[in-house]
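Geometric and topological summary
Each chain, letter by letter, is given below.
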Amino acid sequence: MEFKTFVFYMLATIMVLASLRVITARNPVHAALALVLAFFNAAGIWLLLHAEFLAIALIMVYVGAVMVLFLFVVMMLDINIDRLRQGFWHYLPLGGLVGALMIFEMSVVLGGHYFSLAEMAPPAIPADHSNTRILGRLLFTDYAYPFELASIVLLVGIVAAVMLTLRKRKDTKFMHPSDQVKVRRNDRVRMVSMPAEKEGGE
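Residues numbered from 1 in each chain as written. Predicted model: local features only at pLDDT ≥ 70, side-chain atom pairs only at ≥ 80, totals over all residues. Heavy atoms only, no water.

Applicable threshold: UniProt positions are given in the numbering used here, feature names are shortened, and annotations may be inferred rather than shown by experiment.
Under an unreviewed UniProt entry, the name given to the protein chain is NADH-quinone oxidoreductase subunit J, and the organism recorded is Sulfurisoma sediminicola. Per UniProt, the protein chain carries the Function (unreviewed entry) text "NDH-1 shuttles electrons from NADH, via FMN and iron-sulfur (Fe-S) centers, to quinones in the respiratory chain. Couples the redox reaction to proton translocation (for every two electrons transferred, four hydrogen ions are translocated across the cytoplasmic membrane), and thus conserves the redox energy in a proton gradient."

Put into structure tokens, the structure is as follows:
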């Protein structure tokens, strides 16, 4: 067995175990730390595939930003874990069915001739190769429309997150925009007729 193959199986095994720990840990902080470990191992696998940009982006964006924000929110908010786990066994059959379907689909895709063991080795690349430049060219030429659709999906997710966390406060002053549009001049301005003053106090 080659050393690169050994490193791949080691990183893949640790990533699978960390992923299982993410969904089985009762403490959300422990689950987040296990997810960080899974991200690091996934970045190592991408490095083996000569995808340095994706590996660095995974560590900087997810580990350095998203997971830190997630840990900050989890530790600052008083989350009732018992309430979140209510109905777990009720949805377990549906979740197991979806998980089994995903495993079947991934096995069909990875078992095809496009992902055979003979084609897993990356091709020889020149010394001046830049996968960042090639990735940027593909994103904004061949995959421009899927890239824009992904941005729309992320925008919908942001709007949905804001709407789900929106809370109405009684002490907040609010006016409907339709009422502001329908306002008339007489509702805002009152003309007062006053007699003119004479000079000298007469």
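More follows now that the structure is in view.
1. Points about the overall build of the protein chain
Note the cut-off: Elements are defined by DSSP. Helices are runs of H or I of four residues or more, strands are runs of E of two residues or more, and each kind is numbered from the N terminus. Remark: exposure states derive from per-residue accessible area (1.4 Å probe, protein chains only) relative to the maximum for the residue type, with buried under 20%, exposed over 50%, and partly exposed in between. The contact definition used throughout considers only heavy atoms, calling two residues in contact when any of these lie within 4.5 Å. For the accessible areas, the method is Shrake-Rupley and the probe is 1.4 Å, while residue cover comes only from the protein chains on display.
Looking only at helices and strands, the protein chain has 9 helices and 0 strands in total. Sequence-ordered secondary structure for the protein chain, helices as α and strands as β, is α-α-α-α-α-α-α-α-α. Classification of the 202 residues of the protein chain by burial places 12% in the buried group. In the protein chain, the proportion of contacts linking residues at least 24 apart, taken out of those at least 6 apart, comes to 59%. As displayed, the protein chain offers around 17,900 Å² of accessible surface, 69% of which is attributable to carbon and sulfur atoms.

2. Some thoughts on the packing of aromatic side chains
Put simply, the rule is: Only Phe, Tyr and Trp rings are paired, with Trp represented by its six-membered ring, and only when their centres lie within 6.5 Å; those with planes under 30 degrees apart are stacked, over 60 edge-to-face, the remainder tilted.
With the rule as written, the count across this model stands at 3 aromatic pairs. Ring geometry for Phe8 and Tyr9: centres 5.4 Å apart, planes at 65 degrees, overall edge-to-face. We classify Phe8 as partly exposed; its relative accessible area is 28%. With relative accessibility at 46%, the residue Tyr9 sits in the partly exposed group. Each ring, one from Phe140 and one from Phe147, has its centre 5.3 Å from the other, and the planes form 65 degrees; the classification is edge-to-face. Relative accessible area serves as the criterion here: at 54%, Phe140 is assigned to the exposed category.

3. Observations regarding the UniProt feature "transmembrane region" (unreviewed entry) in the protein chain
With numbering aligned to this structure, UniProt lists the feature "transmembrane region" (unreviewed entry) at residues 6–24, 31–49, 55–79, 91–115 and 143–166. Span residues 143–166 is 92% helix and 0% strand, its end C-alpha atoms 35 Å apart.

4. So, a nonpolar patch on the surface
Operational definition: Surface patches are drawn from residues lacking salt bridges whose relative accessible area is over 30%; two like charges belong together within 9 Å, two nonpolar side chains (Val, Leu, Ile, Met, Phe, Trp, Tyr) within 5 Å. Any Lys or Arg side-chain nitrogen found within 4 Å of a carboxyl oxygen on Asp or Glu counts as a salt bridge.
On the surface, a nonpolar cluster with roughly 790 Å² of combined accessible area is contributed by Met1, Phe3, Phe6, Tyr9, Met10, Ile14 and Leu37. Looking at which element gives the most residues to the nonpolar patch, the answer is helix α1 (residues 3–24), with 5 residues. Secondary-structure assignment places Met1 in the segment before α1. Residue classification places Met1 among the exposed residues on the basis of a relative accessible area of 79%.

5. Observations concerning helix α3 (residues 52–76)
Operational definition: Expected span, for any helix, means 1.5 Å times one less than how many residues it has. The bend at a residue is defined as the angle formed between two axes, one fitted to the seven residues ending at that residue and one fitted to the seven starting there.
For α3, spanning 25 residues, the distance from its first C-alpha to its last is 34 Å, which sits close to the expected 36 Å at 1.5 Å a residue. Maximal helix bending in α3 amounts to about 30 degrees, located at Met67. The set of residues buried in α3 consists of Ala55, Leu58, Val63, Met67, Leu71 and Val74. For α3, the elements touching its buried residues are α2 (28–48).

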